[in-house]
Number of protein chains: 4
Amino acid sequence: MQAKKRSIPSLVKDPKLVQKRREQIVEAAVGLFISKGFHKTTTREIAKASGFSIGTLYEYIQSKEDVLYLVCESIHTEVEKKMEQALVESNNGAETLRQAISDFLHVMDEVDDKVLLIYQEIKSLPREPMRYVLQRESRITEIFEEMLQRAINDGSLRLDSHSIRLMAHNIVILGEMWVFRRWALRQRYSLAEYIEMQTNLLFGGLRVEA
Amino acid sequence: MQAKKRSIPSLVKDPKLVQKRREQIVEAAVGLFISKGFHKTTTREIAKASGFSIGTLYEYIQSKEDVLYLVCESIHTEVEKKMEQALVESNNGAETLRQAISDFLHVMDEVDDKVLLIYQEIKSLPREPMRYVLQRESRITEIFEEMLQRAINDGSLRLDSHSIRLMAHNIVILGEMWVFRRWALRQRYSLAEYIEMQTNLLFGGLRVEA
Amino acid sequence: MQAKKRSIPSLVKDPKLVQKRREQIVEAAVGLFISKGFHKTTTREIAKASGFSIGTLYEYIQSKEDVLYLVCESIHTEVEKKMEQALVESNNGAETLRQAISDFLHVMDEVDDKVLLIYQEIKSLPREPMRYVLQRESRITEIFEEMLQRAINDGSLRLDSHSIRLMAHNIVILGEMWVFRRWALRQRYSLAEYIEMQTNLLFGGLRVEA
Amino acid sequence: MQAKKRSIPSLVKDPKLVQKRREQIVEAAVGLFISKGFHKTTTREIAKASGFSIGTLYEYIQSKEDVLYLVCESIHTEVEKKMEQALVESNNGAETLRQAISDFLHVMDEVDDKVLLIYQEIKSLPREPMRYVLQRESRITEIFEEMLQRAINDGSLRLDSHSIRLMAHNIVILGEMWVFRRWALRQRYSLAEYIEMQTNLLFGGLRVEA
DNA sequence: AATGAATGAGCGTTCATTCAT
DNA sequence: TATGAATGAACGCTCATTCAT
């Protein structure tokens, strides 16, 4: 049951223009949503910050929720693009994974407000768009699943196959934790420290005495 | 800089009655907030679901945000109470911790919607109440810090002291992950499985080949 | 067409108690009405300032407007009592009048806030109570009419009879002017100066060159 | 410390339209405020009587009090315009003054309800707007001060300079008296009579027997 | 394609009044 | 006689959305 990318209808025909205007909308809305939240941001504010009138805004969207959807999508695209740029193949799967985790956490650190935004406002999305956004979220997990699998395959990592999915989630959660608990974590650890410690824990684990 | 528990003023003088009515309000509001979100729930709906009129609702609160605060507080109290009931001393610190993690995850599983609610709506709280709620959240992490410390002290666990705090966060995150990613995790793992696997990872870690 | 003193029904039988409680109500309400206005004062505030509960308040009045009526009546009674105490017979009618004007202005100076209150809130009274209050207001004018008449009769003042009523109004207006325009007048004149100048004008008039 | 004319912000940009709509608002609100008072008039009533919806009303004002301010300003403008039209230069200062008083009283007679409205509701205005309205009120007094001064200068009137301000107030009060005490005065005197008698008193004064 | 004035349902909140105790 | 909890109609105001220009 695949939730499909919803293409939001626009009254304007020229697709180039539609894309340009929607970029303006997203650019304006992200900042507003982050600082005031979705519900406390008005469509007038979005229009104004986008640089055009309320009427024009509604030429490119059908409802305020569409803006939230566009924003979420844009954030995911941004994260994915940043991840793509960061990911490089290393000696072996385990090394590649270790590097990818580090990259991922750096990306999350850069877009922390935006990730928070998605988590806090996603429920304001209508059913289907919400499912699509969650699905996209899953893609990131899958990337790590694939990496884990490759590392297992090339023998650089040992992990039973039933735990792969869980471990992938754990990795992603590392990023979300850095975002969600920043008020507590950043007082104590730098990003570099956090990455090192979490990676060590992940690869080493606690040692229980025999 | 300790954020203090805010006692919300009431027009009604009898403290017993105030408590009873506020319990009704919280009981009604939790369900509404979970299913529709704070912003889409109206005060009239809260009043009606509480079993009294809008006028009466405002005898016991000063603003809609007070209801959210009451709800958050009630959830924390519930979690803490459940945790207290669950926690028992075992043979050694490591065992106690292992059991506590299991208990904690069971509690989170029971109150998952409520935990989600707090995370999604906390930003709608005014500054001070928000700080208080976050602080209360921290208490849970501290509990696990103390447990880790005891397990280290009695020799049943080995962990460098700089990582204690982080490890405590990781444990709490385990619970939040189960709540936040339930749409993905519950398709694949039962709670029991999840607990077992995560605990093993925590205590064993991944094994990287030499 | 005489508007009659409206006796406000009370649920309480003991007339002594009714009077006592109503005095408390008036005492409390006058200050509130002066500082916040009738509409912005709540019945709860009146009850609290009166020293009893909202329920008790409604044992002694039937509506919020009754409180305004009681307040207006009390103010009139106070003004009349003060006037009675001040008025003394002098050598002749003109002297008595001159003294009475001075007394009247002193009284108005003392109760200025209350006079202002009546003028600003009287329209909030229901039809009949309003008429009664206005009628009572007229009594003051009549007092000066009578004085003017006596001064004319004893030959100490010359004024055509058709102007008596008007002149009485003019005198009363002197007091109201001191109250209404205090923001402008008191910057420039002391009460004593004001009295002297106005009395001179009244008794002397402008001299137009022949 | 000059209280400045407050220009009320509007969401609508076209100034011509803003002016037109605000005229509609004032036209509608004056009548409502006069008959029911400011507090008992609802914003919906104002909108309806203005011929548009509540939403549209709030495109042109920011709060209900803005309407009151607009109304007060409009009334002052109306009075000033009528005064300007009426005022003509006569033979000498005293004659001009006499005519101006008559004109002023005619104007006050025409707008009596509106003057009453200002006096009864001015206290509902926020601090600064209130100061501005009172200041505008003062302008009328100043006009008469100037006239008195001119009449003194050209020798057509004799009055010590310290009394000029007071006399100007007395003249203005004549108008207010006609408005405030109409319930008593109009039963007895026509406007023409009132003007003649008051002017005579002003210019002649009472004669006290030697 | 762009504008922005107009709409009105709906919101959070207040408060005069009632009535069971 | 005194209380104060309960009521709900009514308020001022907002804002997503529409549509004539």
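Reading guide: rules and limits
- Residues numbered from 1 in each chain as written.
- Chains lettered and ligands numbered in written order.
- Predicted model: local features only at pLDDT ≥ 70, side-chain atom pairs only at ≥ 80, totals over all residues.
- Heavy atoms only, no water.
- Contact = heavy atoms within 4.5 Å.
- Near = heavy atom within 4 Å.
- Polar contact = N/O pair within 3.5 Å; in protein donor to acceptor, adjacent residues only side chain to side chain.
- Helix = DSSP H or I, 4+ residues; strand = E, 2+ residues; numbered from the N terminus.
- Nonpolar A, V, L, I, M, F, W, Y, C, P; charged D, E, K, R; others polar.
- Buried area = accessible area lost by both parts, 1.4 Å probe.
- Salt bridge = Lys/Arg side-chain N within 4 Å of Asp/Glu carboxyl O.

You'll find chain A entered in an unreviewed UniProt entry as TetR family transcriptional regulator, with Ammoniphilus oxalaticus given as the organism.

With that settled, the discussion passes to the arrangement of the chains. Taking C-alpha atoms as the reference, chain A and chain C come no closer than 30 Å and do not contact one another. One finds no contact linking chain B with chain D; the least C-alpha distance across the pair is 21 Å.

Time to look at the protein's contact with DNA strand E. Residues in close proximity to DNA strand E total 43 residues, the closest being Val12 of chain A, Tyr58 of chain B together with Arg21, Arg44 and Tyr60 of chain D. Counting only the atoms of DNA strand E within 4 Å of the protein, the fraction contributed by sugar and phosphate is 61%. Between DNA strand E and Lys64 of chain B, the relevant distance is 2.8 Å, taken from a phosphate oxygen to a side-chain nitrogen or oxygen of the residue. Elements that contribute at least two residues to the surface near DNA strand E include exactly helix H1 (15-36) and helix H3 (54-60) of chain A, helix H2 (43-50) and helix H3 (54-60) of chain B, helix H2 (43-50) and helix H3 (54-60) of chain C together with helix H1 (15-36) and helix H3 (54-60) of chain D. Split by residue class, the surface near DNA strand E holds 15 nonpolar, 15 polar and 13 charged.

The next subject is the environment of Phe203 of chain A. Turning to its location among the elements, Phe203 of chain A is positioned in helix H10 (residues 191-204). Along the sequence, Phe203 of chain A and Met167 of chain A sit 36 residues apart, while their C-alpha atoms lie 11 Å from each other.

Turning to the environment of Ser63 of chain C, a few remarks are in order. As for its position among the elements, Ser63 of chain C is in the loop between H3 and helix H4 (64-86). Sequence separation between Ser63 of chain C and Ile8 of chain C is 55 residues; the distance between their C-alpha atoms is 9.8 Å.

To continue, consider the interface of chain B and chain A. Opposite the 49 residues of chain B that make contact, chain A presents 50 residues. Taking both sides of the interface into account, the surface hidden between chain B and chain A amounts to around 4800 Å²; carbon and sulfur atoms contribute 59%. The interface formed by chain B and chain A contains seven salt bridges. Note that Lys123 of chain B is salt-bridged to Glu121 of chain A, the shortest N-O span being 3.4 Å. For the pair chain B and chain A, the interface holds 19 residue pairs in polar contact (both at pLDDT 80 or more). Of all the secondary-structure elements, those providing two or more residues to the side of chain B that touches chain A are helix H6 (112-121), helix H7 (127-153), strand E1 (157-158), helix H8 (164-180), helix H9 (182-185), helix H10 (191-204) and strand E2 (207-208) of chain B. For the side of chain B that touches chain A, the element with the most residues is H8 of chain B, which contributes ten residues. Across the side of chain B that touches chain A, the residue classes break down as 22 nonpolar, 14 polar and 13 charged.

Let us look at the protein's contact with DNA strand F. Near DNA strand F you find 44 residues, and of these Arg21, Arg44 and Tyr60 of chain B, Tyr60 of chain C together with Tyr58 of chain D are the closest. Within 4 Å of the protein, the contacting atoms of DNA strand F are 60% sugar and phosphate, with bases supplying the remainder. Between a phosphate oxygen of DNA strand F and a main-chain N or O atom of Thr43 of chain A, the distance comes to 2.6 Å. Listing elements by their share of the surface near DNA strand F, those giving two or more residues are helix H2 (43-50) and H3 of chain A, helix H1 (15-36) and H3 of chain B, helix H1 (15-36) and H3 of chain C together with helix H2 (43-50) and H3 of chain D. Split into classes, the residues belonging to the surface near DNA strand F amount to 16 nonpolar, 15 polar and 13 charged.

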